[in-house]
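Residue-level structural notes
So you can see what is in the structure, the chains are spelled out below.
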Amino acid sequence: MQRQQMINRLGEGGEWDVCVIGGGATGLGIAVDAASRGLRTILFERYDFAKGTSSRSTKLVHGGVRYLQQGNIRLVMDALSERGLMLKNAPHLVRNLSFVIPNYEWWESPFYGVGLKAYDWMAGNLGLGSTEFLSLEETLLAAPTLDPDGLRGGIRYHDGQFDDARMAIHLAMTAADHGAVVLNYFSVEGLLKAGGNICGVNVKDAFTSETYEIKAKAMINATGVFSDTVLKMDDPAAETLVSPSQGIHLVLDKEFLPAETAIMIPRTDDGRVLFAVPWHHKIIVGTTDTPVEIPSVEPKAQTDEIDFVLQTMRHYLTKDPSYADIKSVFCGLRPLVKGGGKTASLSRDHHITVSDSGLITIAGGKWTTYRKMAEDAVNVAVRRADLSAASSGTSELPIHGYQEHTDFESPLYYYGSDKVHILDMIKGDPELGERIHPAFDNVKAEIIWAMKEEMCENIEDFLARRSRMLLLDAKASVEAAPFVADMMAEWLLKDDGWAQKQIEDYTFLANNYLPSINI
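Residues numbered from 1 in each chain as written. Predicted model: local features only at pLDDT ≥ 70, side-chain atom pairs only at ≥ 80, totals over all residues. Heavy atoms only, no water.

1. Details of the overall build of the protein chain
Note the cut-off: Every helix listed is a DSSP run of H or I at least four residues long, and every strand listed is a run of E at least two residues long, numbered separately from the N terminus. Atoms counted for the radius of gyration: C-alpha only. Globule rule: 2.2 Å times the number of residues to the power 0.38. For the exposure calls, accessible area comes from a 1.4 Å probe over protein chains only, and a residue counts as buried if that area is under 20% of its type's maximum, exposed if over 50%, partly exposed in between. A contact between two residues is defined here by any heavy atoms of the two lying within 4.5 Å.
A count of helices and strands for the protein chain gives 16 helices and 18 strands. Taking 519 residues into account, the globule formula puts the C-alpha radius of gyration at 24 Å, and the protein chain, at 23 Å, falls close to it. Principal-axis analysis of the C-alpha atoms gives the protein chain an extent of 70 × 50 × 40 Å. Per-residue burial over the protein chain gives 62% buried out of 519 residues. Long-range contacts, defined as pairs at least 24 residues apart, comprise 71% of the intrachain contacts of the protein chain with a sequence gap of at least 6.

Structure (structure tokens):
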């Protein structure tokens, strides 16, 4: 998947069947669905793939236990089905993870146990494991750092876990494998219309400022929290559709949860659940729910949000986490469909609208249901534009890199079947097998692979999304930045000024991921 080759295809001429605006989970899923149906498909992303919300999730593929509490049975059943399909179609990125709910009150075990047994039942043959009631001893064996004071026992259930940004890159590669053009750093500058009907877009390459006019039969707005921006580009009087909500996650060292079992706190002061999840040899703790008026591509954690997560976890762990323990803090914005009440109670159901001009907008949803969202959006496009297309086959479609029996403790596992190519690079030049930085397992060959095959255009792309260094240890990632910049500059034939600017920009960005420490 190479950017220049994609750009060259812009000159092929003719009308595209489907044009997608937005390169997050939903947009990339739509590109996969449309291209795999034989539709001529093109996608534009203003920044990098999954730059926003789609790289900042809790890293869970789940039915949504709290939606079960709210009585949204249909959403839970759909999500559980999609959870099973993600595990089946991307076993190199999605895995089964056990969760423990600690019980400190007598009523918690029967109350949550009954609900989770229903959760198992709704998953059917796509279930990941049966819910179990644990004794005090079994609970502490599964999660030895839980505070034993007053602990009565626990409940163990199963959900899925994945690497969101890596999944996004592999969706982009899957779309490309099926003939789609997917371009990052291409902004939509305007919509083209004929007789009041949308018929294409004007786009601009962020690196060259060259503009292109792209004609398409169906136009899909899949820009998440920025959906309203595109809607108002189409019609300045359009009503707002999305009510963004911010969720933060703290990254801590493994010592706070040394076992390979996650913890789920079923109810916090703001009405959400809180997770502590092992991920890439660190612990992710989150999330919060804070309404946001104006969405930002780089949302910042608020002090009261960080305090809330730390204080909540201190009630449950033997060692109290503090600001000094935070390796990184990252924020994601949920594209909740607008409605009344608290954002925590708004639906994660996806919502598809078609404007008078024919612009199709999809909003809401979550990572777990990206495939179903994509299928529904393409179905609308096929009907509206009278496209000749096969029915969706993505429920059976392996994602790029598909590889069974993945060892998630093995270095480079997240490349799936592409891992062999990286190992071949190292075999040809053993120096490429050296670590980039002592704090991370990532090796030099990954930088070259990212540039050659994954459309990695700058050091942020690599440190934040092709690898996950920024999220795992922001300070260490800044230390790694000069080496990554130098290596990329040499490969991309850039000068020292480019490398220095990259380091400066990245250091400024990374400071937002460690708000309590000035790097």
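Text resumes after the structure shown.
2. Here we look at the pattern of salt bridges
Here is the rule: Here, a salt bridge means any Lys or Arg side-chain nitrogen found within 4 Å of an Asp or Glu carboxyl oxygen.
Counted according to the given criterion, the structure contains 32 salt bridges. When the shortest N-O distance is used, the salt bridge between D33 and R37 registers 2.7 Å. Accessibility expressed as a relative area gives 7% for R37, which makes it buried. We note a salt bridge from E132 to R156, for which the minimum N-O separation is 3.1 Å. With E132 in strand β5 (residues 132–134) and R156 in strand β6 (residues 153–162), the pair connects residues that are 24 residues apart, well separated along the chain. E132 gets classed as partly exposed once you look at its relative accessible area, which sits at 34%. Assessed through its relative accessible area of 22%, R156 is described here as partly exposed. Linked by salt bridges that have partners in common, D48, K51, R56, E298, E460, D461, R465 and R466 make up one network.

3. What about helix α15 (residues 474–492)?
An α-helical segment advances 3.6 residues per turn. Residues three or four places apart therefore align on the same side. Short version of the rule: To get the bend at any residue, fit one axis to the seven residues that end at it and another to the seven that begin at it, then take the angle between the two axes.
Its maximal kink placed at A480, α15 deviates by approximately 40°, while the proline P482 follows within four residues. Buried within α15 we find A474, A476, S477, V478, A480, A481, V484, A485, M487, M488 and A489. Considering only its buried residues, α15 is in contact with β16 (328–337), α12 (444–453), α13 (459–466), α14 (469–472) and α16 (496–511). L493 occupies a position one or two residues after α15 and carries a positive phi of about 60°.

4. A word on the environment of E431
Relative to the elements of secondary structure, E431 occurs in the loop between α11 (419–428) and α12. A relative accessible area of 47% places E431 in the partly exposed class. Separated by 13 residues in sequence, E431 and K444 place their C-alpha atoms 7.8 Å apart.

5. Thoughts on the packing of α11 against α12
Stated precisely, the cut-off is as follows: Between N-to-C directions, angles cover 0 to 180 degrees, with each direction set by a line fitted to C-alpha atoms, over the stretch in contact for helices. Orientation categories follow fixed angle ranges, with anything under 35 degrees roughly parallel, anything over 145 roughly antiparallel, 65 to 115 roughly perpendicular, and all other angles oblique. Crossing handedness is read from the near helix: turned anticlockwise from the far helix by less than a right angle, it gives a left-handed crossing, and turned clockwise, a right-handed one. Under the convention adopted here, Pro, Cys and the residues Ala, Val, Leu, Ile, Met, Phe, Trp and Tyr are nonpolar, Asp, Glu, Lys and Arg are charged, and Gly plus all remaining residues are polar.
Contact geometry of α11 with α12 gives a least axis separation of 10 Å together with a crossing angle of 120°. Between α11 and α12, the angle falls in the class oblique. Helix-helix and strand crossings are classified by hand; for α11 and α12 the assignment is right-handed. Touching H421, I422, M425 and I426 of α11 are A445, I448 and W449, all from α12. Its residues assigned to classes, the contact of α11 with α12 shows 6 nonpolar, 1 polar and no charged.

6. Quick word on the packing of α13 against α16
Relative placement of two packed helices is described by the angle separating their axes and the distance separating the axes. Contact geometry for α13 and α16: axes closest at 9 Å, N-to-C directions at 40°. The angle between the axes of α13 and α16 places the two elements in the oblique class. In this structure, α13 contributes I459, E460 and L463 to the contact, and α16 contributes Q502, I503, Y506 and L509. For the contact of α13 with α16, a count of residues per class yields 5 nonpolar, 1 polar and 1 charged.

7. Things to note about the nonpolar core
Under the convention used in this document: Grouping buried Ala, Val, Leu, Ile, Met, Phe, Trp, Tyr and Cys residues that are joined through side-chain atoms within 4.5 Å yields what is termed a nonpolar core.
Of all hydrophobic cores here, the largest spans 154 residues; its most connected members are F44 and V201. Top element by residues in this core is α15. It accounts for 10 residues.

8. Structural notes on the side chain of K282
Worth spelling out the cut-off: Under the counting rule used here, the positive set is Lys and Arg, the negative set is Asp and Glu, and His together with the chain ends is not counted.
Note that K282 resides in strand β14 (residues 282–286). Lacking a salt bridge, the buried K282 has D253 as its closest oppositely charged neighbour, with an N-O distance of 4.0 Å. Leave out the neighbours within four places in its chain, and K282 touches V251, L252, D253, K254, V277, K327 and L472.

9. Side note on the packing of aromatic side chains
Test applied: Stacked, tilted and edge-to-face are the three classes assigned to paired rings of Phe, Tyr and Trp, where Trp is represented by its six-membered ring and a pair needs centres within 6.5 Å; plane angles under 30 degrees give stacked, over 60 edge-to-face, the rest tilted.
Enumeration according to the criterion identifies 15 aromatic pairs in this entry. Judged by centre distance (5.2 Å) and plane angle (75°), the ring pair of F162 and W367 falls under edge-to-face. Taken together, the positions of F162 in strand β6 and W367 in the loop between β18 (360–364) and α10 (370–385) put the pair 205 residues apart, joining distant regions of the chain. Neither residue differs from the other here; F162 and W367 are each classed as buried. When the ring of F186 is compared with that of Y212, the centres are 5.8 Å apart and the planes differ by 40°; the resulting orientation is tilted. Of this pair, F186 sits in strand β8 (residues 186–194) while Y212 is found in strand β10 (residues 211–221), placing the two residues 26 residues apart along the sequence. An aromatic cluster is present here, built from F99, Y119, Y157 and F275 joined pairwise through their rings.

10. Focus: helix α7 (residues 164–177)
Counted only if it meets this: Multiplying 1.5 Å by the residue count of a helix minus one yields the expected span of that helix.
With 14 residues, α7 ought to run about 20 Å at 1.5 Å a step, and its terminal C-alpha atoms sit 20 Å apart, in line with that. Burial within α7 is extensive, with 13 of its 14 residues counted as buried. Positive backbone phi, approximately 95°, marks G179, located one or two places after α7.

11. Here we look at the side chain of N89
The condition is simple: Under the rule applied, a polar contact is a pair of N or O atoms within 3.5 Å (in protein, one hydrogen donor and one hydrogen acceptor; residues adjacent in sequence only if both atoms are side-chain atoms).
Here N89 lies in helix α4 (residues 73–89). One polar contact links the side chain of N89 to the main-chain carbonyl oxygen of S395, over a distance of 3.2 Å. Ignoring sequence-local partners within four residues, the contact set of N89 consists of T394, S395, E396, L397, P398, I399 and Y402.

12. Here's the deal with the environment of L191
You can see L191 is positioned in strand β8. The spacing of L191 and N202 is 11 residues in sequence and 6.2 Å in space, taken between C-alpha atoms.

Geometric values such as these leave the question of function open.
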